[in-house]
Amino acid sequence: MNIAVVGLSHKTAPVEIREKLSIPEPQTESAIAHLNSYPHIDEVAILSTCNRLEIYIVTSETEQGIREVTQFLSEHSKLPVQSLRQHLFMLLHDDAVMHMMRVAAGLDSLVLGEGQILAQVKNTHKLGQQYNGIKTVLNRLFKQALTAGKRVRTETNIGTGAVSISSAAVELAQMKAANLAACRVAIIGAGKMSRLLVQHLISKGAAQISIVNRSQERAQQLAKLYPEQSIHTHTLSEMMAVIAESDLVFTSTSATEPILERSTLETVLESSRSLMLFDISVPRNVHSNVNELANVQAFNVDDLKAVVAQNHESRRKMAQEAEKLLDEEVEAFEIWWRSLETVSTISCLRNKVETIREQELEKALSRLGSEFAEKHQEVIEALTRGIVNKILHDPMVQLRAQQDVEARRHCMQTLQTLFNLDAGEQFS
């Protein structure tokens, strides 16, 4: 049995590839069901964000399991395996475990130390359990990774002042716009990323903000978080009219197809007006053809790298501190993983002793007579169970505690020999 992760990220694939492999939350259940149907995948979890798609699996046949995940990704993205493979990374067991820890801690993010990824890992864990993809091994791995992520944020300063994708987009806008305070700003979408956009725009002096969302009620709820600001809210039917009056537009929606294209923009924009679009969604909300318009500039998440690089170096030393904590969490997981080797022997020993207990109990009760047996059976049952549990307790604890592989296997072999256990049931 092995753990593996197959995926791609901002490090291995451009946004036009990442958006083809993105798995929106409503599609997670069917994607997990599809992956579960493959013969060599025992457990599966899907982490899909704007900067990565990663599929974690537990498999008894590593090569075949990875091949099945790759086949799924090819079918999902409609990209041939040969062209897809150049963008994928594949990590096995120790490397996969450490990668999971680093992702949860924000050390593998485009924005080093960003905090949003921890919530996304937690949601992946929840959905994996809900849709029967995550079982014993991945459940333990994700719990350990979430612990690691929390420790990094509480025991190091890497999250202090760490920018998010939203704040990086606002910094990029500040670099590109002459005077952010004088700009008319529109935000398309009213989710968490948009909330962060509003927060960072206000901190940079933006004062003319409009929020456009499918549900105007949700847009109004977002606007109410900043009562001191005069934030206007609009429905999607008013989107183009709002954009026509804006200087900067940020898009952050869950749409799977572009909501802004050249043909829709050129009908509402005056030829003399300039417009800057900042698209932080994956799949992209803004089609690349808008750049064909003379006075339009469009930026996507991959354009944020220059902004992120300015903040990256100052947190590199903090990241080194975080790596030490992750080593501890990886070791904790590995100790648990190695203890799984004892499960079959312990189970076999307990079953054998329990069978003996039941047989001897039955003999004793029959000798005591039916009237006495009925009256005192529960007490005698509890007594014999207690004796068995106390006798087995120390051997089981000691066996699980053996960290040295050879010593643990020697102990298991001794138990199998002394109690004539079936070694064929050994965990593998």
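Residues numbered from 1 in each chain as written. Predicted model: local features only at pLDDT ≥ 70, side-chain atom pairs only at ≥ 80, totals over all residues. Heavy atoms only, no water.

1. Observations regarding the packing of aromatic side chains
- All told, the structure shown has five aromatic pairs when counted by the stated rule.
- Ring centres of F250 and F278 lie 5.0 Å apart, and the angle between their planes is 20°; this geometry places the pair in the stacked category. With F250 in strand β8 (residues 248–251) and F278 in strand β9 (residues 275–279), this residue pair connects regions lying 28 residues apart in the sequence.
- Note on F333 and W336: the rings are 5.6 Å apart at their centroids and 40° apart in plane angle, and the pair reads as tilted. Residue F333 and its partner W336 are both found in helix α14 (residues 316–339); the two are separated by three residues, about one turn of the helix. The exposure classification of F333 matches that of W336, with both residues buried.
- Here the aromatic residues F250, F278 and F299 are joined through ring pairs into a cluster of three or more. (Phe/Tyr/Trp six-rings, centres within 6.5 Å; stacked < 30°, edge-to-face > 60°. Helix = DSSP H or I, 4+ residues; strand = E, 2+ residues; numbered from the N terminus. Buried < 20%, exposed > 50% of the residue type's maximum accessible area, 1.4 Å probe, protein only.)

2. Notes on the sheet that holds strand β4 (residues 89–92)
- If you walk across this open sheet you meet the four strands as β2-β3-β1-β4, and the pairing is antiparallel. Each of the sheet's edge strands pairs with one partner strand only, and the pair in question is β2 (43–49) and β4. Direction aside, neighbouring strands of the sheet carry axes that sit 15° apart on average.
- When strand β1 (residues 2–9) meets strand β3 (residues 52–59), the two strands line up antiparallel, connected through eight bridges. (Pairing = 2+ DSSP bridges. Axes fitted to C-alpha atoms, helices over the stretch in contact; angles between N-to-C directions.)

3. Regarding the pattern of salt bridges
- Scanning the entire structure with this criterion turns up 20 salt bridges.
- Residue K11 pairs with D108 through a salt bridge whose shortest N-O separation is 2.7 Å. Within this pair, whereas K11 is found in the loop between β1 and α1 (15–21), its partner D108 is found in the loop between α5 (93–105) and α6 (116–130), the two being separated by 97 residues in sequence.
- Notably, a salt bridge pairs E63 with R67, separated by 3.1 Å at the nearest N-O pair. Placement of both E63 and R67 in helix α3 (residues 62–77) is noted, with a separation of four residues, approximately one turn of the helix.
- Exposure remark for E63: the relative accessible area of 56% places this residue in the exposed category.
- Counted as one network, the salt bridges with shared partners bring together K11, R52, E54, R102, D108 and E323. (Salt bridge = Lys/Arg side-chain N within 4 Å of Asp/Glu carboxyl O.)

4. Quick notes on the pairing of β8
- Residues L248 and F250 of β8 are buried on one face, and the alternating residues V249 and T251, pointing to the opposite face, are buried as well.
- Bridging between strand β5 (residues 184–188) and β8 involves four bridges; their strand directions are parallel. The residue bridging I188 from the neighbouring strand is T251, located in β8.
- Note that β8 and β9 share four bridges and pair parallel. Note that in β9 the partner of L248 across the bridge is M276.

5. Considerations on the layout of surface pockets
- In this structure, the largest pocket occupies an estimated 1300 Å³ of space.
- As for the largest pocket, its lining consists of 46 residues, of which M193, S252, T253, S254 and V282 are closest to the centre.
- Broken down by secondary-structure element, the contributors of at least two residues to the lining of the largest pocket are β2, α6, α9 (192–203) and β6 (208–213).
- It is α6 that contributes the most residues to the lining of the largest pocket, seven residues altogether.
- Looking at side-chain class alone, the lining of the largest pocket contains 21 nonpolar, 19 polar and six charged residues.
- In this structure, the second largest pocket encloses a volume near 400 Å³. (1 Å grid on protein atoms, 1.4 Å probe; cavity = no way out; pocket = protein on both sides within 12 Å on 5 of 7 lines; lining within 4 Å. Points joined across faces, edges and corners; volume = space filled by probe spheres on them. Nonpolar A, V, L, I, M, F, W, Y, C, P; charged D, E, K, R; others polar.)

6. Details of helix α7 (residues 136–155)
- Helix length check: α7, at 20 residues, gives a terminal C-alpha distance of 28 Å against a target of 28 Å (1.5 Å per residue), a fit within 8%.
- Residues V137, L138, N139, L141, F142, Q144, A145, L146, A148, G149, R151 and V152 constitute the buried set of α7.
- Where α7 is buried, its residues meet β1, β2, β3, α5, α6 and α14. (Expected span 1.5 Å × (residues − 1). Contact = heavy atoms within 4.5 Å.)

7. So, the UniProt feature "site: Important for activity" (unreviewed entry) in the protein chain
- When the UniProt feature table is mapped to this numbering, "site: Important for activity" (unreviewed entry) covers H99.
- Note that H99 resides in helix α5.
- On the basis of relative accessible area, H99 is assigned to the buried category, the value being 9%.
- Leaving out residues up to four positions away in the same chain, H99 has contacts with V5, R52, E54, Y56, F89, L91 and D108. (UniProt positions renumbered as here; feature names shortened; annotations may be inferred.)

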